[in-house]
Amino acid sequence: MEKTFDAKSAEARISAKWEAGECFKAGANAKAGSEAFSIMIPPPNVTGVLHVGHAFNNTLQDVLVRWHRMRGFDTLWQPGTDHAGIATQMVVERELAKEGKSRRDMSREEFLSHVWAWKKKSGGTIIEQLKRLGASCDWSREAFTMSGAPNAPAGEEGNFHDAVIKVFVDMYNKGYIYRGKRLVNWDPHFETAISDLEVENIDQTGHMWHFKYPLAGGDTYEYVEKDEDGNVTLRETRDYISIATTRPETMLGDGAVAVHPDDERYKPIVGMLCEIPVGPKEHRRLIPIITDEYPDPTFGSGAVKITGAHDFNDYAVAKRGNIPCYRLMDTRAHLRADGAAYAEAAKTAQEVANGDKTLTEAEVDALNLVPDHLRGMERYAARDAVVAEITAEGLAVMTRADDPRLGKAALKPDAEGADALVPLVEEKTITQPFGDRSKVVIEPMLTDQWFVDTAKIVEPALEAVRTGRTRIMPEQHRKVYFHWLENIEPWTISRQLWWGHQIPVWYDDEGGMYCAPTEAEAQAMAGGKSLTRDPDVLDTWFSSGLWPIGTLGWPEKTPELERYFPTSTLVSGFDIIFFWVARMMMMQLAVVDDIPFRDVYVHALVRDEKGRKMSKSIGNVLDPLELIDEFGADALRFTLTSMAAMGRDLKLSKDRIAGYRNFGTKLWNAARFAEMNDCKPVDGFDPKSVSQTVNKWIIGETAQARVAHDEALSQYRFNDAANGLYAFVWGKVCDWYVEFAKPLFASDDAAVIAETRATMAWVIDQCLILLHPTMPFITEELWGEIADRPKMLVHTDWPDYGAELVDAEAAREMTWVISLIEEIRSVRAQMHVPVGLKVQLLQLDLDARGQAAWDNNAAMIERLARISELTHTQTMPKGAVTVAVEGGTFGLPVADLIDVAEEKARLQKLLDKLAKEIGGLKGRVNNPKFVASAPEDVVAEARENLAAREEEEAKIKTAFARLAELG
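Structural notes, computed from the coordinates. Not measured: the values here are computed from a predicted model.

Glancing now at the overall build of the protein. When its secondary structure is counted, the protein shows 29 helices and 33 strands. With respect to the three principal axes, the spread of C-alpha positions in the protein is 110 × 80 × 55 Å. By the burial criterion, 54% of the 967 residues in the protein qualify as buried. Restricting to contacts in the protein with at least 6 residues of sequence separation, those with at least 24 account for 77%. Taking the average location of the 111 positive side-chain charges in the protein and that of its 148 negative ones, the two points are 2 Å from each other.

Below, the structure is given as structure tokens:
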């Protein structure tokens, strides 16, 4: 064997060997009559590259898949990619722009040909990267959510597109899908609706303007403010109601001003009309003052303008109060320039507000209430213009120049200027919604879209989890699932893009609508009328919602669908529980009346070592491919698995990964030690046949490790499975058994040597088998290096041994030996006894079982604990440190070997330093303000630091107490 494992050269070679041997194909290594185990990969975007979240998610899936495959299950890990409508269209448009081309200069068909060409060239990047991670998917079955689409090139055959279209038509015919006008997230850059998942909410410094809405006809009222005790703090006569807004440009579309029904300040004017303070004076609109539970009396002025077409909360109020929703912007987020002149539009809107006229939804949408001089303006330019006009007219709320709410704009309250009145424009932190790809501010937009009437299909998805047909783990994510589905809104499924599944609906010139799988069928329904197809495409979440059945060949009754559906387990991130997991549940139950998966394991987020979310702007992103290059795939995989505690975020660092690379090296060295001692696997070796205590002990430890590992994995406790193997392989095999075996290899008894060689070979093999799902590359390499095998490790049978291999007496004896050695080593380390120095061991008392353990292992104990001799004594002499073990007491005379006073001083210095650190940390974690206001990860880190320092303090105090024994 080579001295070290060369991951770079070995990983590519081993991957090629697995692929050539079709080791990952569905059903590979399955036992006759075996149970099926199937996992659907959460399909990465075809534009994607492997990030650490992908690496984490796919490592956990691969651990489960390899484990089941080795256990003889009929296993399928279904791979594939999502066509990622908006992301892919963006990438291709950027590529075209480099050539001086634009999508708008070509037909839809021409543009889609460019997309398919890009997909063929670059769309497989992330799949190749997953292979580098060691993902053992059945790559021959790679699926794509646009396979089989019209004009798809050769190699993109399949029926996923047909399945998506069939589902749309079926759900439309059942009344589950409809077209309507609702408020959606609108990306002005891409000019399309987007999902909540594609919106990034970012806190930014912004402003809140305070304006006066004059009461109609110059009416006045007595405005009164009171403190908590009911004392009047302000009383004045007002002819206006004050509102505060962060988006003045949307005032043009106001339909009402709302106040809370319990707000005493405004009760005198509820039901009255007030004037929107912008636009030509002669055409100013009057809107009603209404009550609704939405306004917060303690926030701003307590009065809220209701602009139903441009704010989700306002939209809800407008729907409750039957208030018109007037759309102000076009698809580029410029103020509208279409429709009738402002004077005519304002007149119509006023008639609606007065109750003299009723408009249809289409008529309301056609009404353009943007004043003529503002039409066509970009939204932020329009904002500046609106603010300037209102301020110039004297309708801005004024305040002192030193008002702290003005933020940086506030003057210091000095001799001059502090009493001056200025417009009240608060400086505030405002949460802005940004498109995650366009990076522009998202507009709530009232548009015609296609929707799934989720209320009609949600109940089976709720019931499936309530009854346990599908389990969601950890428990807290069941609550997220239920909360979302129990409060579900209609699902917007249309996108204004070209790349995607085009909606199978055609329109005639009279507005008739025909939903059919093909244009020919729609034509037949229309009786020969001229038809135009709906230009929109379906949201990618709609097609990926069919992933479990679509990848298995539905609607055809394929053998794969029969065998592997419902799937066994879904491994998913918590952030897409409602975007994907819940939608798959609804869709599969609505389409095939069955659950898509039996178990859902929801993992947490991978953060940096300080607990911060990884971000390019912070510069703390860890690239999994770079980590694989530096440490090898096995080290990264084992790190991620060992940290996958259910419900807890991972704090990933290079130091951790380097540590698990060292673990791989330790395993490699143990295998080399076995090779150097001629330990070869023995056919027919019976682990129950061994006679040596050390060999009985390690075989029992191996059996216990196997049982604990399998129990942990069966409950998705990945961290317990990995950490248990780490403790067994490094702690029991590499540290102890290798050392314990050395005297046996030096024995004069050939039978003892042969037994130990066979035992060590068997134990190393078991280590490789148990570690393979987590560390597939190094274990596969060692498997082939150690001996010629009938098959590769990936298809080696998983062991089923257990308690029958545990010898209780051998376990007790070796546990006693190890505890004595560890105690002696601990004392030596704490007392700073030189490492190479051999020390006398005193035996004060010892029971028969302990004496037998000593007699059987004396040479080994003396060598590993560096003991010069054992001396029996009646009393523990001064200057000796007590070493207590089960059934007896030993002592180490170390007073003459160290400087006791110097050691006490050193330890006292450490204790003093720790006391300060512990005091500071206790002050933080016991401070309710810190716990309530600090980020959750900062609080957790403080608690972890406190626990670590208290543990260190306890150890040092133990050492100090031992020093006290010496006088």
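After presenting the structure, the write-up continues.
Glancing now at the packing of aromatic side chains. Enumeration over the complete set of coordinates arrives at 36 aromatic pairs. Ring geometry for Tyr 481 against Phe 482: centres 5.8 Å apart, planes inclined by 70°, an arrangement best described as edge-to-face. Take Phe 482: its relative accessible area is 13%, and that puts it in the buried class. Here Phe 638 and Tyr 660 contribute two aromatic rings whose centre-to-centre distance is 5.1 Å and whose plane-to-plane angle is 50°, an arrangement assigned as tilted.

Within soluble globular proteins, side chains that are nonpolar generally end up buried alongside one another. Core analysis: the largest hydrophobic core is formed by 206 residues, its most contacted members being Phe 168, Tyr 481, Phe 542, Phe 740, Met 760, Trp 816 and Met 831. With residues near it in sequence (within four places) discarded, Met 760 still touches Phe 673, Ala 674, Cys 679, Tyr 737, Val 738, Ala 741 and Phe 745. Listed in part, the 39 residues of the second largest apolar core include Val 257, Tyr 266, Ala 333 and Val 386.

With respect to topology, 4 strands assemble into an open sheet ordered β6-β5-β18-β20, the strand pairing being antiparallel. Since the sheet does not close on itself, it has two edges, and those belong to β6 (192–194) and β20 (491–492), each with one partner.

Here the focus is helix α18 (residues 624–631). Along α18, the residues classified as buried are Pro 624, Leu 625, Leu 627, Ile 628 and Phe 631. Buried residues of α18, seen end-on, are gathered within an arc of 160° and therefore sit on one face of the element. On the buried face of α18, the contacting elements are α1 (7–20), α2 (52–70), α5 (125–133), α19 (633–642) and α20 (654–676). Two to three positions downstream of the cap, the backbone nitrogen of Leu 625 sits 2.8 Å from a side-chain oxygen, assigning the N-cap of α18 to Asp 623. Positioned one or two residues after α18, Gly 632 has a phi angle of 95°, which is positive.

Let us look at the packing of α19 against helix α22 (residues 718–745). At their nearest, the axes of α19 and α22 sit 7 Å apart, and the two run at 120° to each other. Taken together, α19 and α22 sit at an angle that is classed as oblique. Between α19, through Phe 638, Thr 641 and Ser 642, and α22, the contact on the second element is made entirely by Phe 718, Asn 719, Ala 722, Asn 723 and Tyr 726. Per-class residue counts for the contact of α19 with α22 are 4 nonpolar, 4 polar and no charged.

The rules behind these values
- Position labels on residues start from 1 in each chain and follow its written sequence.
- With pLDDT at 70 or above as the cut-off, local features in this predicted model cover only qualifying residues; side-chain atom pairs require 80 or more to be listed or tallied, and sums for whole chains, interfaces and linings still use all residues.
- To obtain the side-chain values, all non-hydrogen atoms of the structure were used and water was disregarded.
- Where helices and strands are cited, they refer to DSSP runs of H or I of at least four residues and of E of at least two residues respectively, numbered from the N terminus.
- Each residue's exposure class comes from its accessible area (1.4 Å probe, protein chains only) as a fraction of the maximum for that residue type: buried when under 20%, exposed when over 50%, partly exposed otherwise.
- Whether two residues touch is decided by their heavy atoms; if any such pair falls within 4.5 Å, the residues are in contact.
- In this tally, Lys and Arg are treated as positive and Asp and Glu as negative; His is ignored, and so are the chain termini.
- Throughout, a charge is located at the NZ atom of Lys, the CZ atom of Arg, the CG atom of Asp or the CD atom of Glu.
- Stacked, tilted and edge-to-face are the three classes applied to pairs of Phe, Tyr and Trp rings, where Trp contributes its six-membered ring and a pair requires centres within 6.5 Å; stacked means planes under 30 degrees apart, edge-to-face means over 60, and tilted covers the rest.
- What we call a nonpolar core is a set of buried Ala, Val, Leu, Ile, Met, Phe, Trp, Tyr and Cys residues that are connected through their side-chain atoms within 4.5 Å.
- We call two strands paired when DSSP finds no fewer than two bridges between them.
- To obtain the arc, one takes the directions from the helix axis to the C-beta atoms.
- Under the rule applied, a polar contact is a pair of N or O atoms within 3.5 Å (in protein, one hydrogen donor and one hydrogen acceptor; residues adjacent in sequence only if both atoms are side-chain atoms).
- Here an angle of 0 to 180 degrees is reported between the N-to-C directions of two axes, which are lines fitted to C-alpha atoms, with helices fitted over the stretch in contact.
- If an angle is under 35 degrees, it is roughly parallel; if it is over 145, roughly antiparallel; if it lies from 65 to 115, roughly perpendicular; otherwise it is oblique.
- In this count, Pro and Cys sit with the nonpolar residues alongside Ala, Val, Leu, Ile, Met, Phe, Trp and Tyr, while Asp, Glu, Lys and Arg are called charged and the others, Gly among them, polar.

Purely geometric stuff here, so don't read any function into it on its own.
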